[in-house]
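# Secondary and tertiary structure notes
Chain by chain, the residues run as shown.
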Amino acid sequence: MTLRTLGKPALRGCTCCNETLTLERSTLSRRNLLGGAAGLALAGLVSAPARAQAPAKGSIIDVHHHLAPPAYIADLAKRKLGERPTLEWTPEKSLADMDSAGVATAVLSITTPGVWFGDDAAAVPLARACNEYGAKLAADGARRFGMFAVLPLPDVDASLREIEYALDTLKVDGIGLFTSYGDKWLGDPAFAPVMDELNRRKAVVYTHPTDPGCCRNLLAGVPGPVIEYGTDTTRTIASLVFTGTASRCPDIEFIFSHAGGTMPFLIERFVRLPLTSKAAAEKTPEGVMALLRRFHYDTAQTANPAAMAALTKVVPTSQIVFGTDFPFRTSRDHVEGLKQIFDEADLRKIGSDNARALLPRLRAA
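Conventions used here
Residues numbered from 1 in each chain as written. Predicted model: local features only at pLDDT ≥ 70, side-chain atom pairs only at ≥ 80, totals over all residues. Heavy atoms only, no water. Helix = DSSP H or I, 4+ residues; strand = E, 2+ residues; numbered from the N terminus. Buried < 20%, exposed > 50% of the residue type's maximum accessible area, 1.4 Å probe, protein only. Contact = heavy atoms within 4.5 Å. Areas by Shrake-Rupley, 256 points an atom, 1.4 Å probe, with all protein chains shown as cover. Salt bridge = Lys/Arg side-chain N within 4 Å of Asp/Glu carboxyl O. Axes fitted to C-alpha atoms, helices over the stretch in contact; angles between N-to-C directions. Parallel < 35°, antiparallel > 145°, perpendicular 65-115°, else oblique. Left-handed = near helix turned anticlockwise from the far one by under 90°. Nonpolar A, V, L, I, M, F, W, Y, C, P; charged D, E, K, R; others polar. Core = buried A, V, L, I, M, F, W, Y, C linked by side-chain atoms within 4.5 Å. Pairing = 2+ DSSP bridges. Patch = residues over 30% accessible without salt bridge, like charges linked within 9 Å, V, L, I, M, F, W, Y side chains within 5 Å. pLDDT = per-residue confidence, 0-100. Phe/Tyr/Trp six-rings, centres within 6.5 Å; stacked < 30°, edge-to-face > 60°. Lys NZ or Arg CZ within 6 Å of the ring centre and 35° of its normal. Right-handed = clockwise from strand over helix to strand, strands pointing away.

### A few points about the overall build of the protein
Scanning the protein for helices and strands turns up 15 helices and ten strands. For the protein, buried positions account for 56% of its 365 residues. Contacts spanning at least 24 positions in sequence make up 78% of the contacts within the protein whose residues lie at least 6 apart. If you sum the accessible surface of the protein, you get close to 14900 Å²; carbon and sulfur atoms cover 55% of it.

Structure follows, in structure tokens:
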């Protein structure tokens, strides 16, 4: 692996992504994020010219790409939730963005706020409608789309039924989970039946962060996604590792968004916990690093030298997959950002090879 050196960038303030759910009080938009390589250059994160070419046109697989089916848009609008990029999403917009940067296939998923709003009965049919719509897009012979099915968690029984339907009938590529549901993260014992079933099926499980109930609106003027999304990804990684779920379920192929959140920066604390906690040591018999290196991490909103330098000190490039967070960021942002960091061999791995190894249906894409 060849990684560009960081130098000493001056990390300045950045209007990062906002996923404030209520339209009326949305004052920042995730579209205001500094855009791609140009924005990162302004922030002092990118200064050197590219020395590698992006993967060949039409070869990239985007594993962090959001859809908004008509039923989902209607439900969000009824609740006065959702941001404009979600409410205005169409397959045509996804395809146009993909074509602009050489993305062959986007694996679609539902983004925050998900399908559960405190009502199990309402979440079940909404999840089914979203999954059926996405599966129809993925079934197109052109293979432009894949699908990670959403579950109606925290309803465990309904989620087990949806796993069966999504994987056996719809033939989706994997399951999409959020990092937390209410006050529970993915390693919580309440979710053990879901994890055990996903492990039995050797499923690919993509995770998307949210700002949990504990930690919303903590700082005036700082939207939850700026801090809480990366933090909640880290919380759920810790939950899976230190509850023993990751060790108990070795056949789940987890993908964590945004380069694993803040986990790479906190790696020393993760590794040292079993040295001071007998319970943590018992839950991680393989060792913390072995577990973290088994997971996969996407590049969405982290295609910059600072984030990639931290991540690649924790995992090899074989565990990194391309992601964009469309429609909140563009494919071109991420292609151009990664070109500043990696050589051609690693760009091929991150852009397509690693995802094809994970997702059998896309190997011929």
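### Points about the pattern of salt bridges
Taken as a whole and judged by the stated rule, the model has 17 salt bridges. Of the charged contacts, one joins Glu88 and Arg84 as a salt bridge, the two residues approaching to 3.1 Å between their closest N and O atoms. Among the residues examined, Arg84 registers a relative accessible area of 48% and is labelled partly exposed. Three or more residues are tied together by salt bridges with common partners; here these are Asp168, Glu197, Arg200 and Arg201.

### Here's the deal with the packing of helix α4 (residues 91-101) against helix α14 (residues 331-339)
Packing of α4 against α14 leaves a shortest axis separation of 8 Å and a crossing angle of 25°. Judged on the interaxial angle alone, α14 and α4 are roughly parallel. Here the hand of the crossing between α4 and α14 comes out right-handed. For the pair α4 and α14, contact is made by Asp97, Met98, Ser100 and Ala101 and by Ser331, Arg332 and Val335, respectively. Considering only residue class, the contact of α4 with α14 consists of three nonpolar, two polar and two charged.

### Focus: the nonpolar core
Counting residues in hydrophobic clusters, the biggest one holds 79 residues, and the most contacted among them are Ile175, Leu177, Leu198, Ile237, Leu292, Phe295 and Tyr297. Looking at this core, the element that brings in the most residues is helix α5 (residues 120-138), giving seven residues. If we ignore the near neighbours within four places in the chain, the residues touching Phe295 are Ile237, Val241, Ala246, Phe254, Phe256 and Gln319. Judged by nonpolar contacts, the second largest core, of twelve residues, contains Val204, Leu358, Leu359 and Leu362.

### Things to note about the pairing of strand β1 (residues 60-66)
Residues in a regular strand project their side chains so that they alternate between the two faces of the sheet. Burial within β1 is extensive, with seven of its seven residues counted as buried. Where β1 meets strand β2 (residues 103-109), five bridges bridge the pair, whose relative direction is parallel. Bridging across to β2, His65 finds its partner in Leu108.

### Here's the deal with a nonpolar patch on the surface
On the surface, Leu218, Leu219, Val222, Val226 and Ile227 cluster together to form a nonpolar patch covering roughly 400 Å² of accessible area. Along the polypeptide, Ile227 turns up in helix α8 (residues 224-242). Relative accessible area serves as the criterion here: at 41%, Ile227 is assigned to the partly exposed category.

### Here's the deal with the packing of α8 against helix α10 (residues 267-276)
Between α8 and α10, the least distance of the axes is 12 Å, while the angle of their chain directions is 30°. Regarding the angle of α8 to α10, the classification is roughly parallel. Considering the relative orientation of α8 and α10, their crossing is right-handed. In contact with Thr234, Ile237, Ala238 and Phe242 of α8, α10 contributes Phe270, Leu273 and Pro274. Of the residues assigned to the contact of α8 with α10, the class counts are six nonpolar, one polar and no charged.

### Observations concerning the confidence of the model for the protein
The predicted model of the protein has a mean per-residue pLDDT of 87, with 84% of residues at 70 or higher. The low-confidence segment residues 2-56 (pLDDT under 50) makes 132 contacts with residues lying over four places distant or belonging to another chain.

### So, the environment of Leu218
As for its position among the elements, Leu218 is in the loop between β7 (204-208) and α8. Assessed through its relative accessible area of 57%, Leu218 is described here as exposed. A C-alpha to C-alpha distance of 9.8 Å links Leu218 and Glu228, two positions ten residues apart in sequence.

### Re the packing of aromatic side chains
If you walk through the whole model with that rule in mind, you get nine aromatic pairs. Residues Tyr181 and Phe191 carry aromatic rings whose centres are separated by 5.8 Å and whose planes lie at 75° to one another, so their mutual orientation is edge-to-face. Taken together, the residues span a long stretch of sequence, with Tyr181 in strand β5 (residues 180-181) and Phe191 in the loop between β6 (184-185) and α7 (192-200) at a distance of ten residues. You can call Tyr181 buried: its relative accessible area is 10%. A residue is classified by how much of its surface remains accessible, and Phe191, at 2% relative accessible area, is buried. Here the aromatic cluster, defined as three or more aromatic residues joined through ring pairs, consists of Phe254, Phe256, Phe295 and Tyr297. A cation over an aromatic ring shows up here: Arg128 above the ring of Tyr165, its NZ or CZ 3.7 Å from the ring centre.

### Some points on the pairing of strand β3 (residues 145-150)
In terms of burial, β3 is a largely internal element, six of the six residues being buried. As judged from the three bridges shared by β2 and β3, these two strands associate in the parallel manner. Along β3, the bridge assignment pairs Ala106 with Phe145. Strand direction decides the pairing type here: β3 and strand β4 (residues 174-178), joined by three bridges, are parallel. Bridge pairing links Phe148 to Gly174 in β4. Assessed by its sense of winding, the connection that carries the chain from β3 through helix α6 (residues 156-169) to β4 is right-handed.

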